[in-house]
Structure formats: structure tokens, C-alpha cells
Amino acid sequence: MTPDQPESTPPVAPSPPHGLRLWIAGARPRTLPAAVAPVAAGTGAAALAGEFWWWKAVLALGVSLALQIGVNYANDYSDGVRGTDDGRVGPLRLVGSGLVPAGRVKTAALGFLGLGAVFGLVLAATTTWWLLAVGAAALVAAWTYTGGPSPYGYRALGEVSVFVFFGLVAVVGTTFVQVEQITAASVLAGVAVGAMACAILVANNLRDIATDTVSGKRTLAVLLGDARSRWLYVLLTVVAAAVVVALAVTETPWALLGMAGLPPAANASRMVLRGATGPALIAVLQATGIAELALAVGLGLGLALG
């Protein structure tokens, strides 16, 4: 090297966020469309049935958002203390990165789950008290997904829980607190939203097959393997689109507005089938979240117009 040539320096890695930005990153804001989507679809189904209570819809949204953030912090805590998040690709892990003590993350998780319980208590008090049993089941499912002595997320049952609680229960529940009945439209909408929510989890677990296998986390993707997990992802998006068509046939043609989620879902499916791995699957997760939100908002608007 000649004297007039400056010595090259290695690139400096970006520093992690601090303070509030650190906690926002740990809450995984890109997963929040999965909390908004069922409320949008469920409120549209309520409007189709002739009822719309805006303040109950807002409370249902509060429940959904609080539980989603609480689940994210709970997973961060439980996976972090088990060592499952060591070396994992994807969003920042508070405990796994060592940036936040595990106890503080656990407190945050319980705080948000408790906030969701308060919103749910108000809805139960103004609708029917048996909703408390549904809320209690949702809270138990939220914590035991990766927490407790035998987390079901480590036994390939995560997709089942997501479909039930972030699909059927969230959509049908949003409709029920407004019209006080279970409608066919809300059940079908719950299937569509639940399928897309499952697709998000499948893409997430597809990305983590290697690290989950090493850590002993037996997700559905680990059991199915890479190739079959990719086809499961595509199947879930097809199911969601098919249910939108079914709603258009059985309820109102306006339900086809839910097809707004088809372009991002199709783009994500192409990436999955072309073998996207590791960081490339983060783009799939983003596209799937957008697809779920677009489908649910379009479907909710279409049902309301119907």
C-alpha cells in the first residue's frame, strides 16, 4: 500500500435502538396488522347483520392489539430464557440479544396481557359474562404458546392456536359483542383471516427451521420440512381467497373487495415457492402481513356495504 492510499476500515454495524425505540422494536410492530385485521373483518360482519357499535369495535381492537403485543413480549421472554433465540435471524429479540433483562420483558408481557383483560372485561360486562371464559382461554393460550413447562408452540400446535384465537375467536368475537349472535358471515371471515394469520406463522417458522431444529423447538415447519411448509403457506393463502369468493356468493358481491389482499399474497407466494430463505423470508412476512390487512379491511368494507 502506498502512503497516499488511506487504510480501509471495516463497516460499522448499526447500533441497536435504545429507550422507547428499543421496546417498540421488541413489540414487533410489523405483526400488528394481524391484530387489526380480525377486528376490521368482524366489524364489517356486524354491519352486514345490521348493527355497528363503534366503541365496542374500539374496545375489541384494544383487546386484540394488547394481546398481540403481550404475546410478542411473552415469546421474547420465554424463548430468550430457553436460549431458543440465540443466533436467530429476524426482528430484534430483547432477551436473546441481552439488551433487556428477562424479568423486565416478562413484566411488560404480563402488563399488556393484563391490559387486554381489562378491555375484555368491559366488553363482557356490556355484552355477556360468559365471554370471560373465552378471554381466560385466550390469555392462557397467549402465555403457554412458548411459556410454561410444556409450551404448545414447541409441539407443532402454534398454527392451530393462531387460527382459533387470531382468526375465528377474534373475528366472531368482534361481531358478537356488537350484534350478540354468531353469524355465518363472521365465521367465514374468521376462516379467511385465520388462514392468513397462519400463513404469517408458517413463513416465520419456515425461516427458523434450522435454529429451531438445533434448539429442540418442534414447530409445524420443523415436522413438515422445508418443501412441504412452502406448499402449506401457499395453500393457506388459497384458502383465504376461496373464502372471500364464498362470502361474495353467499352474502354480498361487495365481499370481493377482500381480494385487495391477493396481489401481495401472490407476490409472497412466488417468493416462497422460489426458495426464499433466511433474511429473504422477512420480506415474505412483511408482504403476508400487508395481504392479511388488505384482505380484512377490504372484506370488512365489502360486508358493511352489503
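Our subject is the structure that appears above.
Residues numbered from 1 in each chain as written. Predicted model: local features only at pLDDT ≥ 70, side-chain atom pairs only at ≥ 80, totals over all residues. Heavy atoms only, no water.

Colleague: So what exactly am I meant to see when it comes to the overall build of the protein here?
Modeller: Helix and strand counts for the protein come out as twelve helices and zero strands. What you see in the protein, going N to C, is helices and strands ordered as α-α-α-α-α-α-α-α-α-α-α-α. Expected size for 306 residues packed as a compact globule is a radius of gyration near 19 Å; at 20 Å, the protein falls within 12% of this value. Going through the 306 residues of the protein one by one, you find that 47% of them count as buried. A separation of at least 24 residues holds for 76% of the contacts in the protein among residues at least 6 apart in sequence. As displayed, the protein has an accessible area near 13900 Å², and 70% of this comes from carbon and sulfur atoms. For the protein, the centre of its 17 positive side-chain charges and the centre of its 14 negative side-chain charges are spaced 3 Å apart. (Helix = DSSP H or I, 4+ residues; strand = E, 2+ residues; numbered from the N terminus. Rg over C-alpha atoms; globule rule 2.2 N^0.38 Å. Buried < 20%, exposed > 50% of the residue type's maximum accessible area, 1.4 Å probe, protein only. Contact = heavy atoms within 4.5 Å. Areas by Shrake-Rupley, 256 points an atom, 1.4 Å probe, with all protein chains shown as cover. Lys, Arg positive; Asp, Glu negative; His and termini not counted. Charge placed at Lys NZ, Arg CZ, Asp CG, Glu CD.)

Colleague: How should I be thinking about the nonpolar core in this particular structure?
Modeller: Most often, soluble globular proteins have nonpolar side chains that are buried together. Core analysis: the largest hydrophobic core is formed by 48 residues, its most contacted members being Tyr-233, Leu-247, Val-284, Leu-295 and Leu-299. In terms of residue count, the dominant contributor to this core is helix α7 (residues 184-207) (14 residues). Those residues within four positions of Leu-295 in sequence are excluded, and the remaining contacts are Ala-192, Met-196, Ala-240, Val-244, Gly-258 and Gly-261. By size, the runner-up hydrophobic cluster in this structure holds 14 residues, among which are Ala-60, Leu-123, Ala-138 and Ala-142. (Core = buried A, V, L, I, M, F, W, Y, C linked by side-chain atoms within 4.5 Å.)

Colleague: Looking at this model, I keep getting lost on the packing of helix α4 (residues 102-125) against helix α5 (residues 131-144). Mind explaining?
Modeller: How two helices pack is summed up by the angle between their axes together with the distance between the axes. Two elements in contact, α4 and α5, have axes separated by 10 Å at closest approach and are oriented at 165°. Classed by the angle they form, the pair α4 and α5 counts as roughly antiparallel. The two elements α4 and α5 cross, and the hand of that crossing is right-handed. The residues of α5 that touch α4, namely those facing Lys-106, Ala-109, Leu-110, Leu-113, Ala-117, Leu-121, Leu-123 and Ala-124, are Leu-131, Leu-132, Leu-139, Ala-142 and Trp-143. (Axes fitted to C-alpha atoms, helices over the stretch in contact; angles between N-to-C directions. Parallel < 35°, antiparallel > 145°, perpendicular 65-115°, else oblique. Left-handed = near helix turned anticlockwise from the far one by under 90°.)

No statement about biological role is implied by the geometric values presented.
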